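# Close look at the chain arrangement
This is what each chain is made of:
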Amino acid sequence: MTTSAAFLDEHHLRVGDVDFHCHYLWGVDATVPEGFLPIAKDRAQVERYLRLCDELRPGVIVELGIHRGGSAALLHALNQPRRLVAIELEREPPPALSGYVARRGLESVLKPHYGVDQADRDAVASIMAAELGGEQIDLVIDDASHLLEQSRVSFETLFPLLRPGGVYVIEDWNADHIVADGFAAVAADPARPGHAGLVAALRQAHAAEPVPHVRLIRLALELVLARASSRDVIREVTVMDNWVLVRRGDEPIDPASFRLADLVTDHFQNLRPLA
Ligand SMILES: C[S@@+](CC[C@H](N)C(=O)[O-])C[C@H]1O[C@@H](n2cnc3c(N)ncnc32)[C@H](O)[C@@H]1O
């Protein structure tokens, strides 16, 4: 059963006896009340997790991207999982998460691994082999680099370890798109403050990089194409505001050789740039 959770105001979430401060733009407003665990998500995002966990009741969870630690603690407080493995590129453990683990004696349940790149297939695979002891994963959350190659490698490493019906969430898949929408709106309107400076900066950026980097949004498109060929490796791809949810099907997957490209047949060249 998930532990009872309630928002007491826009930022304050209480789960059981644990208080969380939820704020997507924490870097802008980094003030976290004493005793609260910081989560870099806003209320709507967190409420989506509450609904998903209520449906899925995950007993084995993997999180990529720990940051200040509140989201890993939330996943634990909410689900009381048998095992929660988390991976973070930074080497320094965030005190909020270390304190949460130590106060509750969770050292054998909540297992953060620091200084690990989500794109390091071998490192991530051996952490999973050591920590999961062959158990299948119910829920993976990728809230780490938000870069295409890195996120795809993690998907290829961890998706095969999900149980059939298990869920893989990729956060912030469209963040670059939202930023670009904002730029486009200012660039299209000469009366908007900052118009001239932005247009000059965009011209300069275009001259330096005429073909823009492919962004994380492409992973969502690849997943949709993988679903389009109706096999039951990927059962469902649901695209939402800042979430892509991918549900595993029943078909067996070989973790050693699984590559998303093998599932994508772009018959009609939908991944080609529009003319
Ligand atoms: C958006 S923050 C995570 C926020 C956290 N899940 C939360 O909701 O509070 C992203 C984190 O991913 C980490 N990160 C970035 N690139 C990474 C990579 N290649 N591998 C692992 N972690 C990475 C960053 O250091 C940062 O702590």
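To keep things clear, this report deals only with the structure shown in the data block.

Conventions used here
- Residues numbered from 1 in each chain as written.
- Predicted model: local features only at pLDDT ≥ 70, side-chain atom pairs only at ≥ 80, totals over all residues.
- Heavy atoms only, no water.
- Helix = DSSP H or I, 4+ residues; strand = E, 2+ residues; numbered from the N terminus.
- Contact = heavy atoms within 4.5 Å.
- Polar contact = N/O pair within 3.5 Å; in protein donor to acceptor, adjacent residues only side chain to side chain.
- Near = heavy atom within 4 Å.
- Areas by Shrake-Rupley, 256 points an atom, 1.4 Å probe, with all protein chains shown as cover.
- Nonpolar A, V, L, I, M, F, W, Y, C, P; charged D, E, K, R; others polar.
- Pairing = 2+ DSSP bridges.
- Axes fitted to C-alpha atoms, helices over the stretch in contact; angles between N-to-C directions.
- Buried < 20%, exposed > 50% of the residue type's maximum accessible area, 1.4 Å probe, protein only.
- Salt bridge = Lys/Arg side-chain N within 4 Å of Asp/Glu carboxyl O.

Attention now moves to the environment of His11. By secondary structure assignment, the location of His11 is in the loop between β1 (5-7) and β2 (12-15). For the pair His11 and Asn174, spaced 163 residues apart in sequence, the C-alpha separation works out to 23 Å. When sequence neighbours within four positions are dropped, the list of residues in contact with His11 reads Phe20, His21, Cys22 and His23. A polar side-chain atom of His11 sits 2.7 Å from the main-chain carbonyl oxygen of Cys22.

Turning our attention to the site of the ligand. By nearness alone, 18 residues border the ligand, and Lys41, Gly65, Glu88, Gln118 and Asp143 come closest of all. Calculation on the ligand without its partners gives an accessible area of 610 Å², and the protein chains cover 86% of this total. Residue composition of the shell around the ligand, by class: six nonpolar, six polar and six charged.

Attention now moves to the sheet that holds strand β5 (residues 60-64). The strand order across the open sheet formed by seven strands is β7-β6-β5-β8-β9-β11-β10, and the pairing between neighbours is mixed. Here the strands that pair on one side only, and so sit at the sheet edges, are β7 (110-114) and β10 (234-240). Neighbour-to-neighbour, the strand axes of this sheet turn through a mean angle of 10°, independent of strand direction. Pairing of strand β6 (residues 83-88) with β7, which is carried by five bridges, proceeds in the parallel orientation. From the neighbouring strand, Leu84 faces β7, where its bridge partner is Leu110. Here helix α2 (residues 70-79) sits on the sheet in contact with β5, β6, β7 and β8 (137-142), set at roughly 165° to β5. Running over the sheet, helix α5 (residues 148-158) touches β5, β8, β9 (162-171), β10 and β11 (243-248) and is turned about 165° from β9.

A few words on α5. Counting buried positions along α5 yields nine of eleven residues, so the element is predominantly enclosed. For α5, the full list of buried residues reads Leu148, Ser151, Arg152, Val153, Ser154, Phe155, Glu156, Thr157 and Leu158.

In total, this model carries 20 salt bridges according to the counting rule given. Among the ionic pairs, Asp19 bridges to Arg14, the shortest N-O distance being 2.8 Å. Judged by its relative accessible area of 16%, Asp19 is buried. The partly exposed category is assigned to Arg14, whose relative accessible area is 35%. The partner of Lys41 in a salt bridge is Asp143, with the nearest N and O atoms 3.0 Å apart. In this pair, Lys41 sits in the loop between β4 (37-39) and α1 (43-56) while Asp143 sits in the loop between β8 and α5, placing the two residues 102 residues apart along the sequence. Residues Lys41 and Asp143 agree in their burial class; the two are buried. Through salt bridges that share partners, Glu149, Arg152, Arg218 and Glu222 make up one connected network.

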